[in-house]
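Each chain, written out:
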Amino acid sequence: MIYDNDLFIKQMENNLIISGRCPNTINTYTHAVSLLCRFVDKPSHNLTHDDARNFIIHLRHENRLSKATINCYNSCIRYFF
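These notes cover the structure that comes with them. Keep in mind that this is a model prediction, so the values were computed, not measured.

### Looking at the pattern of salt bridges
Summed over all chains, the structure comprises three salt bridges. When the shortest N-O distance is used, the salt bridge between Asp51 and Lys42 registers 2.8 Å. Taking relative accessible area as the criterion, Asp51 reaches 12% and is therefore assigned buried. When its relative accessible area of 23% is taken as the criterion, Lys42 is described as partly exposed.

See the structure below:
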């Protein structure tokens, strides 16, 4: 199922712009949250901490990402929450 998470991600992007984050940071944060939303396959306003935790575990085990990349995704998702 496809959900319209663009509004919530756009709000997060606007908050990042207001707080003075650089464009690369904004892109990284919005990309991470978009991936999370696709992974759990539900609207962003229904995401739970367990969803985020499962996503991080998935990234670590399935994608074999570095610890630094995992920490970056984790920071992005915590900002979103």
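Having seen the structure, we can now continue with the description.
### Describing the packing of aromatic side chains
Given two aromatic rings, their pairing is described by the distance between the two centres and the angle made by the two planes. Within this structure, the stated rule accounts for four aromatic pairs. With a centroid separation of 5.4 Å and 55° between ring planes, the pair formed by Phe39 and Phe55 is classed as tilted. Of the two residues, Phe39 is situated in helix H2 (residues 23–40) and Phe55 in helix H3 (residues 49–62); the sequence distance between them amounts to 16 residues. Take Phe39: its relative accessible area is 35%, and that puts it in the partly exposed class. Residues Phe80 and Phe81 carry aromatic rings whose centres are separated by 6.1 Å and whose planes lie at 75° to one another, so their mutual orientation is edge-to-face. A relative accessible area of 18% means that Phe80 is categorised as buried. What makes Phe81 partly exposed here is its relative accessible area of 39%. Grouped by ring-pair contacts, the aromatic residues Phe39, Phe55 and Tyr73 constitute a single cluster.

### Here we look at H3
Taking 1.5 Å per residue, 14 residues should reach 20 Å; H3 reaches 19 Å between its end C-alpha atoms and fits that length. In this structure, the buried residues of H3 make contact with H2 and helix H4 (67–80). With its phi angle positive at about 55°, Arg64 sits one or two positions after the end of H3.

Rules used throughout
Within each chain, residues carry numbers counting from 1 in the order of the written sequence. With the structure being a predicted model, the display of local features is reserved for residues of pLDDT at least 70 and the display and counting of side-chain atom pairs for 80 or more, all residues being used for whole-chain, interface and lining totals. Values reported for side chains reflect all heavy atoms of the structure, with hydrogen atoms and water molecules removed beforehand. What counts as a salt bridge is simple: a side-chain nitrogen of Lys or Arg found within 4 Å of a carboxyl oxygen of Asp or Glu. For the exposure calls, accessible area comes from a 1.4 Å probe over protein chains only, and a residue counts as buried if that area is under 20% of its type's maximum, exposed if over 50%, partly exposed in between. Put simply, two rings from Phe, Tyr or Trp (the six-membered ring, in Trp's case) pair if the centres are within 6.5 Å, and we call them stacked under 30 degrees between planes, edge-to-face over 60, tilted for the rest. Segments assigned H or I by DSSP are reported as helices when at least four residues long, segments assigned E as strands when at least two residues long, and all are numbered from the N terminus. A helix's residues, less one, multiplied by 1.5 Å, set its expected span. Residue contacts are counted whenever heavy atoms from the two residues lie within 4.5 Å of one another.

It is worth stressing that arrangement in space is one thing and function is another; only the former is reported here.
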